[in-house]
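This is what each chain is made of:
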Amino acid sequence: MALGVYLSRCGGLVDAAIDVDEALANVREVAAVACVVDDVFDPIVVAAIESDIREGGVDAVVLAGNSAEHLSKSLSAGHLTRRLVSAGVNPNRIVVANLLEQVALAHPGDRIGATRKAAGIIDVAALFATMSPEVESIDLEPKRSVLVLGVTTEAMIAAQRLLQLGYEVVIADRGNGSATAASATVLKSTSAFVRGHARCKFIDGARLVDGDGWLGDYHIQIQSNEGSRRIVVGGILIARPDSAEWVAELREHFRVDVDDDGFARPLDPHNHPAETIDPGIMVVPVRVDGTAHRDKVAAADSVAMALVLRLSQTTVSHYGDTSAVDEALCGGCATCVRTCAFGACTLDENGRSHVDVRRCRGCGKCVVSCPVGARDIVSSPHDYLIEAVRSLSRVPVDVGHARVIGFLCGGCGYPAADAASEFVAQRGQGYPVTFMPLRIPCGGRLDTLYVLEAFKVGFDAVCVYRCRQGHCHNLIGNLDMDRRINLLRAVLRSRNIDDARLRIVDISPTEGERFVESVEEIYVSIASLTNGKGAAV
Amino acid sequence: MSKPTLATVSLGGCEGCHVALLDAHEGLLDILGMADLVHSPFNGTETIPDRVDVVMVEGAVTTEEDLRRLRACRAAAGTLVAIGSCAVLGGIGGLRNLSPLSQVTHVAFGDTTKSPLLPRLLPNVHAVTDYVAVDISVAGCAPETELVVAALVAAITGQPHELPRRNLCDECHRTKNTLLMHSREFVSDAVYALMELDHIDEDSCLLEQGLMCMGPMTREGCGAKCTAMNVPCRGCSGPSRLDFESGGKAVDALAAILPAGALMYLEDLIGTGYRFTMPVSVFPAIVDTEESDNG
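Residues numbered from 1 in each chain as written. Chains lettered and ligands numbered in written order. Predicted model: local features only at pLDDT ≥ 70, side-chain atom pairs only at ≥ 80, totals over all residues. Heavy atoms only, no water.

Chemist: Could you give an account of the overall build of chain B, with specific residues and numbers?
Modeler: Along its length, chain B carries 11 helices and seven strands. In chain B, which comprises 295 residues, the share counted as buried stands at 53%. Pairs at least 24 residues apart make up 77% of the contacts formed inside chain B by residues separated by at least 6 positions. With the model as given, the accessible surface of chain B reaches about 13,100 Å², and the carbon-plus-sulfur share is 55%. On chain B, the mean spot of the 20 positive side-chain charges and the mean spot of the 38 negative ones are 5 Å from each other. (Helix = DSSP H or I, 4+ residues; strand = E, 2+ residues; numbered from the N terminus. Buried < 20%, exposed > 50% of the residue type's maximum accessible area, 1.4 Å probe, protein only. Contact = heavy atoms within 4.5 Å. Areas by Shrake-Rupley, 256 points an atom, 1.4 Å probe, with all protein chains shown as cover. Lys, Arg positive; Asp, Glu negative; His and termini not counted. Charge placed at Lys NZ, Arg CZ, Asp CG, Glu CD.)

Shown next, in the form of structure tokens:
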């Protein structure tokens, strides 16, 4: 395995806070390439990385700089990833080390501590890049058809655009949608065009009862006044994001972010108001009463275009972020079957666990519940996470300073840690630098063994971050984690170990201030504890 | 050419693994036909020879004498075979690690001083693997006779030895019903102690009936004899991945499928999840430091 590490200065922000050469010192011993660049998105840098891949044999890449969340949302980052994949690196071996938001901006004024932490985070990313298995892609031709949920003015405009571009449209409404559309008083011609179109169907009184699949190929079972029917579409538009019922039904099968009312919430309301987590499902922004028609038209056009851009590709590749089964280990105890919230796990005729990849979301609950290690998630393998805990424990800290590990759920804690950089900038003071972040895909992925390992290797406390009630992208990953952690706390107490060393923090992705407070709280609460500290071994 | 030599050694334990070996009856003749038994509790020789092809070790390292003998075994052995959960995982005697040594000796010997002729106890019970490299491990309390014999035959003949890797559910005859249904409800309404139930269904999964069964967390190989007799698995064979903590995995697997009552049972997680694996678990490491911090 030839590892390439590219540390981005991020326009000078990173090297303002850390010593970049020092941060790369450890990884230089194992990496084939380890260099500092101004910006990984710069075309010259991208070309240089491509050349390292094609000519230098680099097959695992660490991009140290911007946050993983930033990279997953940014179009230029998507472009960068595609370039590296086409040059020959497996997507599971392109790994981000978040130095900007969670180190450089989080710890101003502590250059030594921040540099050590940066080195630790790069080491963990290098572990990921070299330890994770290659993932195979599932390639498909996207279906040129779209399901629109709910009849609104925006829905009709978006449907019109899609029909004009040659797409099929199914409009499902909880009530009598076709009558609502027929009685439209504004944009009458749009409504008439859509209703009369040969490639458009209305389903009234609709309930979404089942679904599986992904961008380009969703299979959806709808119960309606006319009975039950199964439709196949390439994408979904949620035209009634304010319908808690639609959103709840969708969330049983697909990834949609929600707000406090249970309504569909765009992941990034400022830059991409249409995008949910699942790339084939879009939120049509519904404007408040009194919104000018031109704004509704613009919003509907924008969301239709966002979906068309994805569905107009000749091939969509899905890199299975799914659970895998090692049949040599699976004894068929069925804990994974019961634990899976999406019905993706079953036992096959031989009594071995089987994963329906079209339903699996890669949350990792089945991996945690599997007592023999027969399950693993390709994008967060067990062996990597255990090794990452050990690796983070080796980051040097000054004598007398406590070290804490934070397991950050990718849906809440990790973006909150990114958001914390803004709060740090506001108050001009960082949080304790010995807090070590480790990203996990879902709170439900937190294995008790990782917590035990963290204590064993000498962390003074363990913080686990999970989504607020009802907000978990995997429905109950957060509650599952609660049960495990609360049980473990009871066990710690029974062993005379203070359970204040193990803390659950519920958090939303934008709550940077809360993140900082939670970190500072744990340092305060463990400062007075003397018992139960682990030992580095 | 002379036959390979075999020694069997018992450290801190109940010698049940030797009894498991004796249970092979005529099968023992096959082993003795293949190898010369040069040292064992059966034949009464005192010292371990300097060179033995295969040494079978039973029991945990509990005293200084155990440790001395274990090191002698390793030095002598071509192939070292650890038999039983005491040797491999520390075993049930390892629960002594929960208490400080002074308390242990007080309970055992009262105020009287124990004889200086007895070996000195180590502060903690350890698995054999804590001190020496082991070539073949067969956990179980005690392991099935066939597993013991198969491991010894493999060691004597120099064949690679594979233990089963799946969990006990693979061997258990019971059928699952509610565990196979996708649901966010628990598989049972409550969790019961064995004696609380008037009737235990003989064919359906014990976990589904609300009994704490360690089957999912336990390596197969014993033939699931306990569950066949309506007794939940206690996990004596330990986890099928030795780097997994059976107690930690009990939390992970059972917290997801059993209701809160299970968690109350699990509060004695040490007795439930670590009954046979305490010395190889992470918990003693935490407790050790606690003691050293305080004293």
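Chemist: Could you give me a rundown of the overall build of chain A, with the residues and numbers involved?
Modeler: Along its length, chain A carries 20 helices and 22 strands. For chain A, the C-alpha atoms occupy an extent of roughly 75 × 55 × 50 Å along the three principal directions. Here chain A holds 537 residues, and the buried ones make up 60% of them. Of the contacts made within chain A by residues no fewer than 6 positions apart, 74% connect residues no fewer than 24 positions apart. Across chain A, the mean location of the 54 positive side-chain charges is 4 Å away from that of the 67 negative side-chain charges.

Chemist: Before we move on, can you summarise the nonpolar core with the specific residues and values?
Modeler: Among the nonpolar cores identified, the biggest contains 72 residues, and Ile18, Ile122 and Phe407 of chain A are the most heavily contacted of them. Among residues more than four places away in sequence, those in contact with Ile18 of chain A are Ala23, Leu99, Val103, Arg111, Ala114, Thr115 and Ala118 of chain A. (Core = buried A, V, L, I, M, F, W, Y, C linked by side-chain atoms within 4.5 Å.)

Chemist: I'd like to hear about the side chain of Asp278 of chain A, residue by residue, with values.
Modeler: Position of Asp278 of chain A among the secondary structure elements: in the loop between α12 (244-251) and β13 (281-283). The side chain of Asp278 of chain A is buried and forms no salt bridge, while Arg255 of chain A, the nearest opposite charge, is found at 5.4 Å. (Salt bridge = Lys/Arg side-chain N within 4 Å of Asp/Glu carboxyl O.)

Chemist: Quick rundown of the packing of aromatic side chains? Include the residues and the values.
Modeler: Residues and elements named next belong to chain A. Applying the stated rule across the entire model yields seven aromatic pairs over all chains. Between Phe128 and Tyr384 the ring centres are 4.6 Å apart and the planes differ by 50 degrees, which places this aromatic pair in the tilted class. Here Phe128 is found in helix α8 (residues 111-131), whereas its partner Tyr384 is found in helix α16 (residues 382-393), with 256 residues between them in sequence. You can call Phe128 buried: its relative accessible area is 13%. Between Tyr431 and Phe515 the ring centres are 5.6 Å apart and the planes differ by 80 degrees, which places this aromatic pair in the edge-to-face class. In this pair, Tyr431 sits in the loop between α17 (413-427) and β20 (435-440) while Phe515 sits in helix α20 (residues 512-527), placing the two residues 84 residues apart along the sequence. For Tyr431, a relative accessible area of 5% translates into the label buried. Classification of Phe515 as buried rests on a relative accessible area of 0%. (Phe/Tyr/Trp six-rings, centres within 6.5 Å; stacked < 30°, edge-to-face > 60°.)

Chemist: Quick one: what's the story with the interface of chain B and chain A, residue by residue and with numbers?
Modeler: Counting residues at the interface gives 44 residues for chain B, matched by 55 residues for chain A. Here chain B packs against chain A, burying approximately 4,300 Å² in sum over the two surfaces, 61% of which is carbon and sulfur. Linking chain B to chain A there are five salt bridges. With a closest N to O distance of 2.9 Å, Asp170 of chain B and Arg352 of chain A form a salt bridge. Linking chain B with chain A are 17 residue pairs in polar contact (both at pLDDT 80 or more). Take the side of chain B that touches chain A: its biggest share by element is eight residues, from helix α8 (residues 246-257) of chain B. In terms of residue class, the side of chain B that touches chain A is built from 24 nonpolar, seven polar and 13 charged. (Buried area = accessible area lost by both parts, 1.4 Å probe. Polar contact = N/O pair within 3.5 Å; in protein donor to acceptor, adjacent residues only side chain to side chain. Nonpolar A, V, L, I, M, F, W, Y, C, P; charged D, E, K, R; others polar.)

Chemist: Give me unusual backbone geometry: which residues, what numbers.
Modeler: Geometrically, the link from Cys141 of chain B to Ala142 of chain B is a cis peptide bond, its omega value of -15 degrees lying close to zero. Position of Ala142 of chain B among the secondary structure elements: in the loop between β7 (136-138) and α6 (145-157). Not every positive phi belongs to a glycine, and Ala334 of chain A is a case in point at roughly 75 degrees. Within the element layout of this structure, Ala334 of chain A appears in the loop between β15 (323-325) and α14 (335-339). The phi dihedral of Asn230 of chain B falls on the positive side, at around 65 degrees, and the residue is not glycine. Look at Asn230 of chain B and you get buried, because its relative accessible area is 18%.

Chemist: An account of the side chain of Ser204 of chain B is needed here, citing residue identities and associated values.
Modeler: Within the secondary structure layout, Ser204 of chain B lies in the loop between α6 and α7 (225-228). With residues up to four places along the chain from it excluded, the contact list for Ser204 of chain B reads Arg174, Thr175, Asn177 and Gln209 of chain B.

Chemist: I'd love a proper account of α8 of chain B, names of residues and values included.
Modeler: Residues and elements named next belong to chain B. With 12 residues, α8 extends 16 Å between its outermost C-alpha atoms, agreeing within 8% with the 16 Å of an ideal straight helix rising 1.5 Å per residue. A large share of α8 lies buried, amounting to 12 of its 12 residues. Buried residues of α8: Ser246, Gly247, Gly248, Lys249, Ala250, Val251, Asp252, Ala253, Leu254, Ala255, Ala256 and Ile257, and no others. (Expected span 1.5 Å × (residues − 1).)

Chemist: Pulling in residues and values, what's your account of the sheet that holds strand β1 (residues 5-10) of chain B?
Modeler: Residue and element names in this part refer to chain B. Pairing within the open sheet is parallel, and its five strands lie in the order β2-β1-β3-β5-β7. Where the open sheet ends on each side, the last strands, each with one partner, are β2 (36-39) and β7. Direction aside, neighbouring strands of the sheet carry axes that sit 25 degrees apart on average. Inspection of the sheet shows β1 paired to strand β3 (residues 52-58) by five bridges, in the parallel sense. Bridging from a neighbouring strand, Ala7 pairs with Val55 of β3. Docked against the sheet, helix α3 (residues 64-76) engages β1, β3 and β5 (77-83), running at close to 135 degrees with respect to β5. (Pairing = 2+ DSSP bridges. Axes fitted to C-alpha atoms, helices over the stretch in contact; angles between N-to-C directions.)

Chemist: Help me get a handle on the packing of α8 of chain A against α16 of chain A, residues and values and all.
Modeler: All names here are of chain A. Their axes nearest at 9 Å, the elements α8 and α16 cross at an angle of 160 degrees. It follows that α8 is roughly antiparallel to α16 by the angle criterion. Between α8 and α16 lies a crossing of right-handed hand. Of α16, the residues touching α8 (which contributes Gly120, Asp123, Val124, Leu127, Phe128 and Met131) are Asp383, Tyr384, Glu387, Ala388, Ser391 and Leu392. (Parallel < 35°, antiparallel > 145°, perpendicular 65-115°, else oblique. Left-handed = near helix turned anticlockwise from the far one by under 90°.)

Don't take any of this as a statement about function, it's just geometry.
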